Amino acid sequence: MMFACIYSSSANLREIAAAFSPSFEQTAPDTVVFRVDGLQRLHGSPRQIAEAIAQKAITKPDGDEVNIAIAETADAAIIAARNFPGVTLLTNAAPNLSDLDISTLPLTEEMSQVLDSWGIYTLDQLAQLPENGLAERFGPHGVYLQQLARGAIDRPLKIFQPETTYEDRIELDHPVSLLEPLLFLIARLLNDQCARLLSNAMAANEVTIRLQLEDHLEHTRTLRLPVPMRESKSLLKLLQMDLEAHPPTAPAIALSLSLKPVHPRTVQTGIFLPVTPAPDKLELTLTRIRGIVGENNVGLPELLNTHHPQPFRLVPGPPTPHPQSRRTSQHAFRYFNPPLHAMIDLIDNRPVRLSAPGIHGKVLNAAGPWRTSGDWWTSTNWNRDEWDIALSNGALYRIYHDSHWYVEGSYD
Amino acid sequence: MNPNAARVTTLGLRPDAKIRECLPPGLAPLDAMLGGFPRGAIAEILGPESSGRTTLVHSLLAASTAQLEICAYVDTDDSFDPVSAAAAGVALSQLVWIRCGHNAGHALKAADYLLHAGGFGVIVLDLCQVPPGISNRIPISYWYRFRRALENTPTILALAEKEPLAKSCASLMLAIERKKTIWTGAPGFSLLREVELEAASRKPVRPATAQFKARSLA
C-alpha cells in the first residue's frame, strides 16, 4: 500500500485530496492523508504521482509552502510531510526517517524528559530500544511510539465525513394558501432529509417548519417527537396534522424545514417479548387522538408525591415497559369530574341522607370523617372532611365537605 | 380427501375451529371459571354503580402490563383513578390514558384509532358513566368495525358499562355484582375494609359464578 500526505498551513487541503481520492483522512487542520495505490495507472510512478499532487497544490493561488510525502504507511507519510520540505518519497520508511528528532513524535512531557536522560534523541535510537523494557517504563503508549518510529504501524484511515446539514429552504414563485400543495413541497424536503438521516444512521427527534408569510410574518411550528424517527411518511403526517390544527394566518411565500439529528433508539428485541405498538405508528395515532380530545388529554398517568386528594397528573411521553411485580385485588375508585354538588342531612354530625344530581338515598353506613389539609401556602390548598358512605341505592361513595358538600366519586 | 384432515376430524376437533389465546385477570376464582379473557375479541363487563366493574378492569390491566404489554384506557368521563389502578398492580408507565371530557363520540373515535394502530395488550373503553340515552344511540356498526379490527390480533377490547352494548359482537359478557360490603370497627367509628364481588358469565353462558374479594385502599 502507498499513502500520500499533504502538509500545508493554508492550502485547501480537502479540495486537493478530493481531486485524487474520494476517501481521505484529515489528521489535523494542516494535514491530509490518502491512499494512492490506484493512481499508478493514471499518473505513473510514485514520483510522478507526487509531482501531480504538487502541481495541483501549487496551482492554488495562495502560494504557501506545501509539503508532500509518499510512504508505505500513513503515519510514515505524515511524519515525512511534516518534517521534510517539498516532495519526499519514502520507499522504505524506517531508514529515511531514522535521523529525525524524537520531538516529531507525540511525546508527553514526562516521556520527553526520560528519553532525554537516556540519551535518546532520534527515531532510530528509539526504534532500537528493547520493546519489553519500553513497555514496562512507558506502558502501551511507549510501544505505540516505538512502532511509529519504526514505521511499522499499518492502520486504516479515518475517512473524513463532511458535516451533514438537515435544513433546507424553498422560495416559492407564487404565494401558497392551501395546505395540500404546501405538503407536496414539505414532502420533497422531508424525503431528502430522511434519506440523509438514513445514510448517516441517524434519526430526528425534533422537526421545525418555518413558513415565511405574505404579510412579512413568520409561522414557526416545532414538533418534539417522543421517540426519534426517520420515516418521511410518518413525519409528513405529523406535520400535516399539526399545520391543520395550527394553520398559518396568511399564504406562504417561502418555507424552510429543519430536523434535529440524534442517534436512533435501539431496543433489544426478543422472540418471547410481547408485541407493542410501533413507536412511529403510536405517535401518529396519539397525535390524531390529540386532535380530537385536546392536546393535554392524552399521555401517561403519573403519581405525585403528595397527599393532595387527586395525587396524579397526565404527562406526555411514550409508554415504556416497566415490570411491576406487586399485584393485588384492590377496590377501585372512580371520580366524578367535576365533583357533584350535594345536599347532606346530618344527625349528630354524621350524614344520614344524600341528595345530588342523579343520586338520592339514605346513608346506610358511613366511615369518617377523615380530615385532610395541605398546601395552605399556595392557591391550590385543600382542607376538607371525607366520608365513605353506603347509600340505600346500593352504591358506595366518597363524599367530602369543605365549604359545601360534594360527592367526589364512587367505589366500583 | 386430505388424510390429515380426516385424522383431525376423528379426534373430535373441527379443522376450522379457532383456538384463542386468553389473558387471565389474576383473580383465581374468575380464572378458574373463564380461563381468561379471549384475545382478539370484545369483552363486556357489565354492572350497576359500585358493582366492581372498574376493579375487574384494573385487574385485567395489571395482568396485561405484568406481561410488559402496552395498554390504553379510553376514559369517557374523566373518571380514571391512577392511585387505585397502581395499587392493583397496573404499571402506569405502560398505560396510555385518554381523557375524552364526557364525549362518548370522541371516546369511540379514540378507541377506533387505537385498535387500528395495533400492538396493544388491552384497550379499555370506559362507558360506565355514559347516560343510557347516549350509550344506546351508539350505532351497532361501531361494534362490528371494532370486532373486525380485533380479529387475528392479541388485543382485548374491554368495555366497562352498565348495560350490554356490543351484544352479538362481544365474545365475553361478564355481569358483576357486589355481594357484600365489609366494614370494620365499632358503630360510629367504622372503616370500609373490603368488598365481596360476584361475576357471572352471560356469554358464553355458564351456570357457575365466581366470587372474589377486593380490599379497600384505606
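Here is what the cut-offs are and how they apply
- Residues numbered from 1 in each chain as written.
- Chains lettered and ligands numbered in written order.
- Predicted model: local features only at pLDDT ≥ 70, side-chain atom pairs only at ≥ 80, totals over all residues.
- Helix = DSSP H or I, 4+ residues; strand = E, 2+ residues; numbered from the N terminus.
- Rg over C-alpha atoms; globule rule 2.2 N^0.38 Å.
- Buried ≥ 20, exposed ≤ 12 C-beta atoms within 10 Å, placed from the backbone.
- Contact = placed C-beta atoms within 7 Å.
- Pairing = 2+ DSSP bridges.
- Axes fitted to C-alpha atoms, helices over the stretch in contact; angles between N-to-C directions.
- pLDDT = per-residue confidence, 0-100.
- Parallel < 35°, antiparallel > 145°, perpendicular 65-115°, else oblique.
- Nonpolar A, V, L, I, M, F, W, Y, C, P; charged D, E, K, R; others polar.

Some words on the overall build of chain B
In step 1: Each helix and strand in chain B was counted, giving seven helices and ten strands.
In step 2: Over its C-alpha trace chain B gives a radius of gyration of 19 Å, about what one expects of a compact globule, namely 17 Å for 218 residues.
In step 3: Expressed as lengths along the three principal axes of its C-alpha atoms, the size of chain B is roughly 75 × 35 × 35 Å.
In step 4: Out of the 218 residues belonging to chain B, those deemed buried represent 50%.
In step 5: Partitioning the contacts of chain B with sequence separation of at least 6, the portion at a separation of at least 24 is 70%.

Observations concerning the interface of chain A and chain B
In step 1: Contacts between the two partners involve 51 residues from chain A and, on the opposite side, 66 residues from chain B.
In step 2: With seven residues, helix α12 (residues 279-293) of chain A is the single largest residue contributor to the side of chain A that touches chain B.

Concerning the environment of V143 of chain A
Residue and element names in this part refer to chain A.
In step 1: Position of V143 among the secondary structure elements: in helix α9 (residues 140-150).
In step 2: Judged by local crowding, V143 falls into the partly exposed class, with 14 C-beta atoms found within 10 Å.
In step 3: Along the backbone, V143 and N132 are eleven residues apart, and their C-alpha atoms lie at a distance of 8.4 Å.
In step 4: With sequence-adjacent residues up to four places away left out, V143 is seen in contact with E131, L134 and A135.

Points about the sheet that holds strand β12 (residues 333-347) of chain A
All names here are of chain A.
In step 1: Pairing is antiparallel around the closed barrel formed by six strands, whose spatial order is β12-β13-β14-β15-β16-β17. Strand-to-strand twist of the sheet, defined as the mean angle between neighbouring strand axes without regard to direction, takes the value 45°.
In step 2: Relative to strand β15 (residues 382-391), strand β14 (residues 359-374) runs antiparallel, the two sharing nine bridges. Its bridge partner being in β15, T372 is matched across the sheet by R384.

Describing the confidence of the model for chain B
Predicted coordinates in areas of low pLDDT are best not read in detail.
In step 1: Scored by pLDDT, chain B comes out at a mean of 89, with 91% of its residues at no less than 70.
In step 2: This prediction of the complex comes with two scores: 0.75 for pTM and 0.90 for ipTM.

Focus: the packing of helix α8 (residues 131-138) of chain A against α9 of chain A
Residues and elements named next belong to chain A.
In step 1: Between α8 and α9, the least distance of the axes is 6 Å, while the angle of their chain directions is 135°. Relative to α9, the element α8 is oriented oblique. Of the residues in α9, those touching α8 at E131, L134, A135, R137 and F138 are H141, G142, V143 and Q146.
In step 2: Here the residues of the contact of α8 with α9 are counted per class, giving four nonpolar, three polar and two charged.

Thoughts on the pairing of strand β4 (residues 70-75) of chain B
All names here are of chain B.
In step 1: When you tally the buried positions in β4, you get six out of six residues, the bulk of the element.
In step 2: Every second residue of β4 is oriented toward a common face, with I70, A72 and V74 on one face and C71, Y73 and D75 on the other, all of them buried.
In step 3: Sheet topology places β4 next to strand β6 (residues 120-126); five bridges connect them, and they run parallel. Paired with Y73 across the bridge in β6 is V124.
In step 4: One ladder, built from five bridges, connects β4 with strand β5 (residues 95-99); its direction is parallel. Pairing of A72 across the sheet is with V96, part of β5.

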